[in-house]
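Commentary on secondary and tertiary structure
Here is what each chain is made of, one letter per residue.
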Amino acid sequence: MAKIFGNLHLVLLIGLLLAIIVMMWFVDSAPVDVNSVMHWLHTFFGVLWIGLLYYLNFVQVPTMPSVPAELKKGVTGYIAPKVFFYFRYAALLTVVLGLGIAGQQHYLVPALTFSGAGNLNMIGVGMWLGIVMFLNVWLLIWPNQKKILGIVEATDEEKAKATPIALAASRTNLALSLPMLYCMVSANLS
Ligand code: HEM
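What counts and how
- Residues numbered from 1 in each chain as written.
- Predicted model: local features only at pLDDT ≥ 70, side-chain atom pairs only at ≥ 80, totals over all residues.
- Heavy atoms only, no water.
- Donors = N, O, S within 2.8 Å, 3.2 Å for Na, K, Ca; no water.
- Tetrahedral: all angles 85-135°; square planar, octahedral: opposite > 155°, others 65-115°.
- Helix = DSSP H or I, 4+ residues; strand = E, 2+ residues; numbered from the N terminus.
- Buried < 20%, exposed > 50% of the residue type's maximum accessible area, 1.4 Å probe, protein only.
- Contact = heavy atoms within 4.5 Å.
- Axes fitted to C-alpha atoms, helices over the stretch in contact; angles between N-to-C directions.
- Left-handed = near helix turned anticlockwise from the far one by under 90°.
- Nonpolar A, V, L, I, M, F, W, Y, C, P; charged D, E, K, R; others polar.
- Near = heavy atom within 4 Å.
- Polar contact = N/O pair within 3.5 Å; in protein donor to acceptor, adjacent residues only side chain to side chain.
- 1 Å grid on protein atoms, 1.4 Å probe; cavity = no way out; pocket = protein on both sides within 12 Å on 5 of 7 lines; lining within 4 Å.
- Sits in = over half its atoms within 2 Å of the grid points.
- Domains from an automatic or database assignment.
- Buried area = accessible area lost by both parts, 1.4 Å probe.
- Salt bridge = Lys/Arg side-chain N within 4 Å of Asp/Glu carboxyl O.

In this structure, His42 (NE2) and Met184 (SD) serve as the protein donors to the iron atom of the ligand, at separations of 2.0 to 2.2 Å. For the iron atom of the ligand, the six donor atoms in the first shell make angles of 86 to 179° at the metal, a pattern classed as octahedral. Residue His42 is found in helix H3 (residues 34-63), and its partner Met184 is found in helix H7 (residues 156-186); the two are separated by 142 residues along the sequence.

Moving on, we get to the side chain of Ser170. Relative to the elements of secondary structure, Ser170 occurs in helix H7. Its relative accessible area of 10% is what places Ser170 among the buried residues. The contacts of Ser170, once residues within four sequence positions are left out, are Leu53, Asn57 and Ile141.

Right, let's get into the packing of H3 against helix H4 (residues 69-104). Two quantities define a packed helix pair, namely the angle between the axes and the distance from one axis to the other. Remark: H3 packs on H4, axes separated minimally by 8 Å, with the N-to-C direction vectors making an angle of 145°. As for the relative orientation of H3 and H4, their crossing is left-handed in sense. Here the contact of H3 with H4 is built from residues that sort into 23 nonpolar, nine polar and no charged.

Inspection of the region around the ligand gives 25 residues, with His39, His42, Met184, Leu189 and Ser190 positioned closest. In the model, a nitrogen atom of the ligand is placed 2.7 Å from a nitrogen or oxygen of the His42 side chain. More than half of the atoms of the ligand fall within 2 Å of the grid points belonging to the largest pocket. Secondary-structure elements contributing two or more residues to the shell around the ligand are H3, H4, helix H6 (119-148) and H7. Split into classes, the residues belonging to the shell around the ligand amount to 16 nonpolar, nine polar and no charged.

What follows covers the domain arrangement of the chain. Taken domain by domain, the chain holds domain 1 (1-32) and domain 2 (33-187). The C-alpha centroid of domain 2 is placed 26 Å from the C-alpha centroid of domain 1. At the junction of the two partners, domain 1 supplies five residues and domain 2 supplies four residues. By the criterion of area lost to domain 2, the three top residues of domain 1 are Met23, Pro31 and Val32, representing 66% of everything that side buries. Here domain 1 is connected to domain 2 by zero salt bridges. On inspection of domain 1 and its partner domain 2, the count reaches one residue pair in polar contact (both at pLDDT 80 or more).

What follows is the structure in structure tokens.
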């Protein structure tokens, strides 16, 4: 048992096989096609992205001040780089799949230009909120976190400047995630 549960990739593979069994089991009432698989993968990577955003905002950032100085390296040197790896690539895949869903359903341009009606504009609002959150991750949070975590060379002054920028961008994404998620689960376009 320990061999199975100790192997992350094996557990993910088992999960994937179970998902395929469920897809086959309900294929008559829920056809398996590009759209349904993209919705599923979009939600998976969206959960991973937002899950790590909530971990950072609810757990790591509020707790770090109370972590003894000699132990901080355990978070900044080992845990945080791994968090930001999955965080930024889950954000990328969530956006790519989200744009893919809208493109495949032929409402990408009307949704992003608000030239549709009703829930098409709602998913448009959700998509723009998600895109702003994505840009915050790749243009503000990650470049500044690289300085803070010492992944790239930075003076103490540069690190001191980077910290409030990274915090503001991360907290902005926390706030935007609430209306974004409401739009995502309420649009019901397919
Ligand atoms: C963290 C960010 C995001 C999360 C957690 C998320 C989550 C979701 C969820 C749960 C759904 C409903 C799935 C369903 O109805 O089967 C959804 C639908 C959708 N999402 Fe996202 N989403 C995110 C960001 C984005 C972004 C950035 C875009 C595009 C730029 C996007 C585009 C879409 C589209 C087009 C749909 C389909 C709407 C529908 O069929 O009703 N999403 N998303």
